[in-house]
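Residues per chain are reported as follows:
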There are 2 protein chains.
Amino acid sequence: MPQSTDKKKKLREICRQAARVFYEKSYDGASMQDIAQAVGLTKAGLYHHVGSKDRLLYEIMNYGMDLLDETVLQKMKDIQDPREKLRRTIIGHIQLIVHTWDYETTVILHENRSLTGPLRKKINVRKKEYIQYLESLITEVQKQAGGKPLISPSVATFALLGIINWLYQWYRPEGLIKLDDLAATYADFFFRGLLGVNQQ
Amino acid sequence: MPQSTDKKKKLREICRQAARVFYEKSYDGASMQDIAQAVGLTKAGLYHHVGSKDRLLYEIMNYGMDLLDETVLQKMKDIQDPREKLRRTIIGHIQLIVHTWDYETTVILHENRSLTGPLRKKINVRKKEYIQYLESLITEVQKQAGGKPLISPSVATFALLGIINWLYQWYRPEGLIKLDDLAATYADFFFRGLLGVNQQ
């Protein structure tokens, strides 16, 4: 339905603008007035679209998880080989973090404590699903490689998420290191850490 | 001088309490009144000790870097072997992050944008010194191992910092994974990623 697509499009535009405002002023520091102004809506208009500030934060995080789904995970569905699938997931996630650079991601990473109750639970369910996807993929890769696993899939998953989610702190795509090289370097690094160099 | 030691002790106590308040309410969400109350000082008394809210944030970050220096880096000075030195630095840093769990670290990681001008520069100099320490240590380890480096020391350093600084997001020392095991697992994982399994 075109109306619902329009509504979704508008919500995403609000999310992008609001994420930028939250990024600049922090969630507590930004008012709904600041956000309305950034989006070009009245405050009443903004409330009409998002319900509340809490809800808006949730929508931004949800939008970030949608982006991960749409631009990375959907494309992995047809890949059979677990190693290839994991490698492409790592590279896709890195590219996503760098492309949506700074706004949605920073808010998602830093404002989790600002969300409360059911909304926090809902977003944590989506995050957990992604963590479980990585864990099972890592488990499959370890099985395929054979031998005794060198690290637990869960601890390896969090190492991977740490490496990727830390990127926004230091990496600038306009700098000397090309994004494609960086993504490949980190995928290789992770596989060595996971399996050891001989099994790569 | 005992007076200056007392002053430092008081400042550190303020830092610890204030870090907790900033953690709970965020830097923008917490008032100096909230912090004064947590420390058991009047607002005027708090300003006397720390000068300004900005300065207080700086002092907390500086305290975090002091802890890294005092509890980890000072102990590394007499270690000659670069691999042993890097391994013990990784383990020490992980233990520090988990022990000062949640307060100072969270503030240091998340509120960097709240600091402005010269104070931001000053703390970034200290962070950069630590990054450079890790980079040269990693370079030495690579040289000692011989062969063509598999990853640039700088990119490897940020992978390591990502792994360690992500811990506060998921690791709970009271859970199933023992801290000593986790620290050793991550040190091994990092060395495999850096050098490949055969050179470990």
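Residues numbered from 1 in each chain as written. Chains lettered and ligands numbered in written order. Predicted model: local features only at pLDDT ≥ 70, side-chain atom pairs only at ≥ 80, totals over all residues. Heavy atoms only, no water.

## Quick notes on the overall build of chain A
Thought 1: For chain A, the helix and strand inventory stands at 10 helices and 0 strands.
Thought 2: The helix and strand sequence of chain A, counted from the amino end, reads α-α-α-α-α-α-α-α-α-α.
Thought 3: The dimensions of chain A, computed from C-alpha atoms along their principal axes, are 60 × 35 × 35 Å.
Thought 4: In chain A, the proportion of contacts linking residues at least 24 apart, taken out of those at least 6 apart, comes to 72%.
Thought 5: Here chain A has roughly 9,700 Å² of accessible surface; of this, 51% comes from carbon and sulfur atoms.
Thought 6: Taking the average place of the 29 positive charges on the side chains of chain A and the average place of its 23 negative ones, the gap between the two points comes to 3 Å. (Helix = DSSP H or I, 4+ residues; strand = E, 2+ residues; numbered from the N terminus. Contact = heavy atoms within 4.5 Å. Areas by Shrake-Rupley, 256 points an atom, 1.4 Å probe, with all protein chains shown as cover. Lys, Arg positive; Asp, Glu negative; His and termini not counted. Charge placed at Lys NZ, Arg CZ, Asp CG, Glu CD.)

## Overview of the side chain of B:Lys85
Residues and elements named next belong to chain B.
Thought 1: Mapping Lys 85 onto the fold places it in helix α5 (residues 82–99).
Thought 2: Buried and without a salt bridge, Lys 85 has Glu 140 as its closest oppositely charged side chain, separated by 6.1 Å.
Thought 3: Dropping the residues within four chain positions of it, Lys 85 is found in contact with Met 76, Ile 79, Tyr 133 and Leu 137. (Buried < 20%, exposed > 50% of the residue type's maximum accessible area, 1.4 Å probe, protein only. Salt bridge = Lys/Arg side-chain N within 4 Å of Asp/Glu carboxyl O.)

## Focus on the interface of chain B and chain A
Thought 1: Chain B puts 34 residues into the contact, and the matching count from chain A is 34 residues.
Thought 2: Between chain B and chain A, roughly 3,000 Å² of surface is buried when both sides are summed, and carbon and sulfur atoms account for 67% of that area.
Thought 3: One can count 0 salt bridges joining chain B with chain A.
Thought 4: Looking at the side of chain B that touches chain A, the elements that each hand over two or more residues are α1 (2–25), α6 (104–110), α8 (153–165), α9 (167–170) and α10 (179–195) of chain B.
Thought 5: The element best represented in the side of chain B that touches chain A is α10(B), accounting for 8 residues.
Thought 6: Class assignment of the residues belonging to the side of chain B that touches chain A gives a composition of 18 nonpolar, 11 polar and 5 charged. (Buried area = accessible area lost by both parts, 1.4 Å probe. Nonpolar A, V, L, I, M, F, W, Y, C, P; charged D, E, K, R; others polar.)

## Re the side chain of B:Arg12
Thought 1: Among the structural elements, B:Arg12 can be located in helix α1.
Thought 2: Non-local contacts of B:Arg12, meaning those with residues more than four positions away in its chain, are made with B:Tyr63, B:Asp66 and B:Glu70.

## Describing the environment of A:Thr42
Residue and element names in this part refer to chain A.
Thought 1: Its place among the elements puts Thr 42 in the loop between α2 (32–39) and α3 (43–50).
Thought 2: Sequence separation between Thr 42 and Met 32 is 10 residues; the distance between their C-alpha atoms is 9.7 Å.
Thought 3: Separated by 2.9 Å, the side chain of Thr 42 and the backbone nitrogen of Gly 45 make a polar contact. (Polar contact = N/O pair within 3.5 Å; in protein donor to acceptor, adjacent residues only side chain to side chain.)

## Describing the relation of the copies chain B and chain A
The second copy of the chain is related to the first by a rotation about an axis and a shift along the axis.
Thought 1: Placing chain B over chain A gives an RMSD of 0.0 Å and needs a rotation angle of 180°, together with 0.0 Å of translation along the axis. Both chain copies can therefore be described as sitting about a two-fold axis.
Thought 2: Residue by residue, 100% of the interface of chain B is reproduced at the interface of chain A, so both copies engage with the same surface. (Least-squares fit on C-alpha atoms with pLDDT ≥ 70 in both.)

## Brief notes about the nonpolar core
Thought 1: Counting residues in each nonpolar core, the largest one holds 130 residues, and the members touching the most others are A:Leu86, A:Tyr186, B:Leu86 and B:Tyr186.
Thought 2: Every residue in contact with B:Leu86, bar those within four places of it in the chain, is listed here: B:Leu134, B:Leu137, B:Ile138, B:Val141, B:Phe190, B:Phe191 and B:Leu194. (Core = buried A, V, L, I, M, F, W, Y, C linked by side-chain atoms within 4.5 Å.)

## Focus on the packing of helix α4 (residues 53–76) of chain B against α5(B)
All names here are of chain B.
Thought 1: Contact geometry for α4 and α5: axes closest at 9 Å, N-to-C directions at 160°. On the basis of their axis angle, the class for α4 and α5 is roughly antiparallel. When you trace α4 past α5, the crossing you get is right-handed. Of the residues in α5, those in contact with Leu 67, Leu 68, Thr 71, Val 72, Leu 73 and Met 76 of α4 are Lys 85, Arg 88, Thr 89, Gly 92, His 93 and Leu 96.
Thought 2: Classifying every residue of the contact of α4 with α5 gives 6 nonpolar, 4 polar and 2 charged. (Axes fitted to C-alpha atoms, helices over the stretch in contact; angles between N-to-C directions. Parallel < 35°, antiparallel > 145°, perpendicular 65-115°, else oblique. Left-handed = near helix turned anticlockwise from the far one by under 90°.)

## Observations concerning the environment of A:Ala44
Residue and element names in this part refer to chain A.
Thought 1: Relative to the helices and strands, Ala 44 resides in helix α3.
Thought 2: Residue classification places Ala 44 among the exposed positions, given a relative accessible area of 59%.
Thought 3: Along the chain, Ala 44 and Ala 18 lie 26 residues apart, while their C-alpha atoms are 15 Å from each other.

## With respect to α4(B)
Thought 1: Here α4(B) contains 24 residues, and its C-alpha end-to-end distance of 34 Å stays within 8% of the 34 Å for a straight helix at 1.5 Å per residue.
Thought 2: For α4(B), the principal kink sits at B:Asp69 and spans about 40°. (Expected span 1.5 Å × (residues − 1). Bend = angle between axes of the 7 residues up to and from the residue.)

## Quick notes on the packing of aromatic side chains
Thought 1: For the structure shown, the criterion picks out 13 aromatic pairs over all chains.
Thought 2: An angle of 85° between the planes, with centres 6.2 Å apart, marks the rings of A:Phe189 and B:Phe189 as edge-to-face. One end of the pair, A:Phe189, is in helix α10 (residues 179–195); the other, B:Phe189, is in helix α10, on a second chain.
Thought 3: Taken together through their ring pairs, the aromatic side chains of A:Phe189, A:Phe190, A:Phe191, B:Phe189, B:Phe190 and B:Phe191 make up a single cluster.
Thought 4: The cationic tip of A:Lys53 hangs over the ring face of A:Tyr27; the distance from NZ or CZ to the ring centre is 4.6 Å. (Phe/Tyr/Trp six-rings, centres within 6.5 Å; stacked < 30°, edge-to-face > 60°. Lys NZ or Arg CZ within 6 Å of the ring centre and 35° of its normal.)

## Here's the deal with the packing of α8(B) against α10(B)
Residue and element names in this part refer to chain B.
Thought 1: Where α8 meets α10, the axes come as close as 11 Å, and the angle between the chain directions of the two elements is 160°. Of the possible angle classes, the one that applies to α8 and α10 is roughly antiparallel. For α8 against α10, the interelement crossing comes out right-handed. Contact with α8, carried on its side by Ala 156, Leu 160 and Ile 163, involves Tyr 186, Phe 189, Phe 190 and Leu 194 of α10 and no other residues of that element.

## Quick notes on the confidence of the model for chain A
All names here are of chain A.
Thought 1: Looking at chain A as a whole, its pLDDT mean stands at 89, while 91% of the residues score no less than 70.
Thought 2: Here helix α6 (residues 104–110) is the element of chain A with the lowest mean pLDDT, 64, and α10 is the one with the highest, 97.
Thought 3: Scored by ipTM, the complex comes to 0.90, with pTM at 0.91. (pLDDT = per-residue confidence, 0-100.)

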